[in-house]
Amino acid sequence: MRRWLGQHLAALGDALRRLLAAPLNTFLSLLVIGVALTLPSAGWLALENVRQLIGDNPGVQQVSIFLNLDAEKRDIGEIESRLRAAKAGNWRFVAREEALRHLQASEGMAEIIASLPRNPLPDAFVFTPSSTQPEVLEQLARTFATWPKVAHVQLDSAWVHRLAALIRLGRLVLLLLGVLFAGALVTITFNTIRLQIFAQAAEIEVARLIGATDAYIQRPLHYFGMLQGAFGGLCAALLVTLGFQLLTPAVAELARLYGSNFTMRGLTASDVALLAAIGGSLGWLGAKISVLTHLRRFA
Amino acid sequence: MITADAVTKRYPEGREALRDVSFEITAGEMVFLTGHSGAGKSTLFRLLAAIERPTSGSIVINGQNLSALRRNAIPYLRRKLGLIFQDQKLLFDRSVLDNVLLPLAIVGHPARDSLRRAQAALAKVGLTNREKTMPIALSGGEQQRLAIARAVVNRPVIILADEPTANLDAASAREIFAIFHAFQQVGVTVLIATHDPVDLPGVKARVLCLARGEMREDGNEATCAASAA
């Protein structure tokens, strides 16, 4: 067991030494792998942020019920009691004054509103149904529309459906992109390991002749591919984080203009670890394939 | 220790390098394998080292039949042999000491003891002060001695050497043979393929003589030279 561990540590050390022995080559390989992993991981991060922006659960939908401008307290109470009786979800009453105040707080709207002779906004209920089934929601919306003093019922489901479809499409594109760049990473490793094998041809031949097993010869090459992939993954994490840092102020500004306090989510420590692990596994795979193909001539 | 029985090696192009070769070497013997170039010495060396397999016949080394050896068992056989190659196969990208450490690294020998053993092996061949030297800076005789140190660092029971004195002057060759003799004295079986065995004072080595792929003589050097002529 100790001998086994010792041999693995020696192979790992050997692989590290070889990576450090050719710093320029190593740097270029890491950069290529890093760039290859950057695109899918940046895409994934962007998608995660979009998902977060539209809410943790993209299925949450709202029904807005706008009342007539001449609706009075009595009418509001009537609607409220009907909502209570319907037992179909939660609601929030937005008084027309409150809506106006909210609008006034928005950039550039204050002057426009000040120029208006009277408050043009109606009282409204924002209804959050407990069911997310589109049929149920549409049925509810139809019912609300028949109630007295209800001017307009807006079901905010169409855009949610579109957004969900867009996100699904984004995921699919990302998946294809990921597969493509994973293939690129395996290919890059395949090639660097091929060059390593040619560079070490003398050593491999001698080692074979004096009793080295296949495992002894392959081990440092596997570690080489794995380390290169893992460091490439860390490179990608660095690039993504760099891009994230550059985008953050712009996104925050945009969010502020929309009156949102949305902040972008960057890569967490576990994301970085995952990237390194993915890079390492793909690197190992590339090394494995390369070793199987190229070590045959030393049989 | 080494038994060859009716060994024939035929290469794909039809050339028969060895024909019906049989011999037996007992443990602790020192044997010269001689013959003209092309007589089949190197072929026999490659068969004994399991680099190639015989076309027919059997070779048994240390109780293991090489013809029946699985590919993944070959490394473990080679660890029991001290192989010295005609072209030495030293690694010129690392120091003398690192060359000798390689076989120990291959078997996963503990690092601290490895250093001690490598130094002892270098001492035995008289390279004690050349540990940090690169092999390219060694003389021909020193390179050959380094190759021997690497071959014996794993304490093999058998030493197989292919033309270990091919490019050496008589004095260096004599030194090399003296080193082999010293190993034989401590019980190692030594088989040296050479076209030019050197007489060492006080050493009685058996001589196997190959001629055109056949075993001609099994005795002493004088008769071999007569029949090969």
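This text follows the structure it describes.
Quantities reported herein were computed from a predicted structural model and do not represent experimental measurements. (Residues numbered from 1 in each chain as written. Chains lettered and ligands numbered in written order. Predicted model: local features only at pLDDT ≥ 70, side-chain atom pairs only at ≥ 80, totals over all residues. Heavy atoms only, no water.)

All names here are of chain A. Side chains of L24, F27, L28, L31, V35 and L239 sit close together on the surface and give an oily, nonpolar patch of about 540 Å² of accessible area. Per-element accounting of the nonpolar patch gives the leading share, 5 residues, to helix α2 (residues 23-53). Mapped onto the elements of the fold, L28 is located in helix α2. Taking relative accessible area as the criterion, L28 reaches 42% and is therefore assigned partly exposed. (Patch = residues over 30% accessible without salt bridge, like charges linked within 9 Å, V, L, I, M, F, W, Y side chains within 5 Å. Areas by Shrake-Rupley, 256 points an atom, 1.4 Å probe, with all protein chains shown as cover. Salt bridge = Lys/Arg side-chain N within 4 Å of Asp/Glu carboxyl O. Helix = DSSP H or I, 4+ residues; strand = E, 2+ residues; numbered from the N terminus. Buried < 20%, exposed > 50% of the residue type's maximum accessible area, 1.4 Å probe, protein only.)

All names here are of chain B. Strand order in this open sheet of 4 strands is β2-β1-β4-β5, and the pairing throughout is antiparallel. Each edge of the open sheet carries a strand with a single partner, namely β2 (16-25) and β5 (64-65). Sheet topology note: the strand β1 (residues 2-10)/strand β4 (residues 56-61) ladder contains 5 bridges and is antiparallel. Note on β4: the bridge partner recorded for T8 is S56. (Pairing = 2+ DSSP bridges.)

Moving on to the interface of chain A and chain B. The interface of chain A with chain B comprises 16 residues on the first partner and 20 residues on the second. Contact between chain A and chain B buries roughly 1600 Å² in total, counting both sides, with carbon and sulfur atoms accounting for 59%. In this structure, the connection of chain A to chain B is made through 3 salt bridges. Here D214 of chain A makes a salt bridge to R71 of chain B, at a shortest N to O gap of 2.4 Å. The interface formed by chain A and chain B includes 9 residue pairs in polar contact (both at pLDDT 80 or more). Broken down by secondary-structure element, the contributors of at least two residues to the side of chain A that touches chain B are α1 (2-21), α8 (201-209) and α9 (214-257) of chain A. Of all the elements, α8 of chain A adds the most residues to the side of chain A that touches chain B, at 7 residues. Across the side of chain A that touches chain B, the residue classes tally to 8 nonpolar, 3 polar and 5 charged. (Contact = heavy atoms within 4.5 Å. Buried area = accessible area lost by both parts, 1.4 Å probe. Polar contact = N/O pair within 3.5 Å; in protein donor to acceptor, adjacent residues only side chain to side chain. Nonpolar A, V, L, I, M, F, W, Y, C, P; charged D, E, K, R; others polar.)

A few words now on the pattern of salt bridges. Residue and element names in this part refer to chain A. Going through the model one piece at a time under the given rule, you end up with 23 salt bridges over all chains. A salt bridge links E78 to R82; its shortest N-O distance comes to 2.7 Å. Here R82 and E78 lie together in helix α3 (residues 73-86), a separation of 4 residues that amounts to about one turn. E78 sits in the partly exposed class, given a relative accessible area of 33%.

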